[in-house]
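# Chains, contacts and geometry: an overview
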Amino acid sequence: YGPYLLSYTYRSLSLTMFPNATSICFGLESIHQAGTNRMTHGGTTARWMSAVVAVGSVSVSFSAAVLVPKHCVLKRMEDSSKEEYRIQSFDMETQTLLKTALKDPGSVDLEKVSDVIVDQSLKDQVFSKEAGRICFTIVQAEAKQSNGNVFRRNLLNRLQQEFKAREETRKKSTQEWVCLVSFICNIFDYLKVNNMPMMALVHPVYDCLFRLTQPDALKNEEEVDCLVLQLHRIGEQLEKMNVQRMDELFCLLRDGFLLQDGLSSLGRLLLLEILEFRAGGWTLSETAQKYYYSEVTD
């Protein structure tokens, strides 16, 4: 089925992703025995592919991998047992504090609760991706109990502090920086006002994502993986809040994919996948789904 899939890729990329492209040619490299034709990084499985993209007088040749992103395959885990497991990673005193906050927020120090959640999110990447549910539950419980917003106010104040110090955080630790981005995007995803994302978070989220499109960040696969993950998760709703900034963001991603030197094969392919994902209206066609995810079922 290779030629059919390549035909699809050529049509999709030339018509939607690179309207100014003069030529786009793709070809599969030889597929080796099972076990040697895959590479995994950050939960991504990939197949090798080569491509030449020409935009005007600029031509880019590269070898990369047709990826199967883990974050696009696994469903979000919403069950309460998973939430309980995350809380159990804390010491017993903190567990008790969080469990009480989830059920009876008025009886605990909610500023301390917000600090505990933020602190853990900045050092635990898995927790940073899931902490939004805990925050959402506490916000709902407090509103139901007293119609208050103490927890949300303290949480946003702390997020503002961390956001202002984001460049220092990135210089200190890439992992902590990636956790911060994941956490802010996670909060944007879960905390709503009248079923709409919070406007106060729109520009901070965009600012974080724009930072991840800078040349030094695009050379770091951990940051590229984080960028793509967040766009898969909140890209569509973020675009609805400010389509102009999303267009600007994807112009940078396109230019980085085409023109930047020093990108790894996986990093370049992650960019290719998210470009195609948005070009398809934040979804992939059935053909693309079969192509990208074929190895998951193998």
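Refer to the structure printed above.
Presented here is a report on the structure given in the accompanying data block. Here the structure is a predicted model, which is why all the values come from computation and not from measurement.

### Brief notes about the overall build of the chain
In terms of regular secondary structure, the chain is built from 15 helices and 6 strands. Expressed as a percentage of the 298 residues in the chain, the buried residues total 51%. A fraction of 66% describes how many contacts in the chain between residues 6 or more apart in sequence connect residues 24 or more apart. Here the chain displays about 14,300 Å² of accessible surface, and carbon together with sulfur accounts for 50% of that area.

### With respect to the packing of helix H5 (residues 110-123) against helix H7 (residues 150-164)
Where H5 meets H7, the axes come as close as 8 Å, and the angle between the chain directions of the two elements is 40 degrees. Judged by the angle between their axes, H5 and H7 are oblique. As H5 runs across H7, the sense of the crossing is right-handed. Contacts between H5 and H7 pair Leu110, Glu111, Val113, Ser114, Asp115, Ile117, Val118, Asp119 and Leu122 from the former with Val150, Phe151, Asn154, Leu155, Arg158 and Glu162 from the latter. Residue composition of the contact of H5 with H7, grouped by class: 8 nonpolar, 2 polar and 5 charged.

### Considerations on the environment of Leu270
For Leu270, the position within the fold is in helix H14 (residues 265-279). Sequence separation between Leu270 and Glu221 is 49 residues, and the spatial gap between their C-alpha atoms is 9.0 Å.

### With respect to the layout of surface pockets
It is a probe the size of a water molecule, rolled over the atoms, that shows where empty space is left. There is about 220 Å³ of room inside the second largest pocket. In terms of lining residues, the second largest pocket is bounded by 13 residues, among which Phe136, Val139, Gln140, Arg152 and Lys192 are the most central. Among the elements that line the lining of the second largest pocket, the one with the most residues is helix H6 (residues 125-146), at 5 residues. The class makeup of the residues in the lining of the second largest pocket is 6 nonpolar, 4 polar and 3 charged.

### Observations regarding helix H13 (residues 243-259)
Helix length check: H13 (17 residues) gives 24 Å between terminal C-alpha atoms against 24 Å at 1.5 Å per residue, within 8%. Sitting at the head of H13, Asn242 places a side-chain oxygen 3.3 Å from the backbone nitrogen of Gln244.

### Considerations on the pattern of salt bridges
Under the definition given, this model contains 14 salt bridges. The residue Glu130 makes a salt bridge to Arg133 at a minimum N-O spacing of 3.1 Å. Within this pair, Glu130 and its partner Arg133 are both found in helix H6, separated by 3 residues, close to a single helical turn. Comparing Glu130 with Arg133 shows no difference in burial state: the two are buried. The shortest N-O distance in the salt bridge between Arg278 and Glu239 comes to 2.4 Å. Of this pair, Arg278 sits in helix H14 while Glu239 sits in helix H12 (residues 221-241); the two residues are 39 residues apart in sequence, bridging distant segments of the chain. The pair formed by Arg278 and Glu239 is uniform in burial state, with each residue classed as buried.

The rules behind each value
- Residues numbered from 1 in each chain as written.
- Predicted model: local features only at pLDDT ≥ 70, side-chain atom pairs only at ≥ 80, totals over all residues.
- Heavy atoms only, no water.
- Helix = DSSP H or I, 4+ residues; strand = E, 2+ residues; numbered from the N terminus.
- Buried < 20%, exposed > 50% of the residue type's maximum accessible area, 1.4 Å probe, protein only.
- Contact = heavy atoms within 4.5 Å.
- Areas by Shrake-Rupley, 256 points an atom, 1.4 Å probe, with all protein chains shown as cover.
- Axes fitted to C-alpha atoms, helices over the stretch in contact; angles between N-to-C directions.
- Parallel < 35°, antiparallel > 145°, perpendicular 65-115°, else oblique.
- Left-handed = near helix turned anticlockwise from the far one by under 90°.
- Nonpolar A, V, L, I, M, F, W, Y, C, P; charged D, E, K, R; others polar.
- 1 Å grid on protein atoms, 1.4 Å probe; cavity = no way out; pocket = protein on both sides within 12 Å on 5 of 7 lines; lining within 4 Å.
- Points joined across faces, edges and corners; volume = space filled by probe spheres on them.
- Expected span 1.5 Å × (residues − 1).
- Polar contact = N/O pair within 3.5 Å; in protein donor to acceptor, adjacent residues only side chain to side chain.
- Salt bridge = Lys/Arg side-chain N within 4 Å of Asp/Glu carboxyl O.

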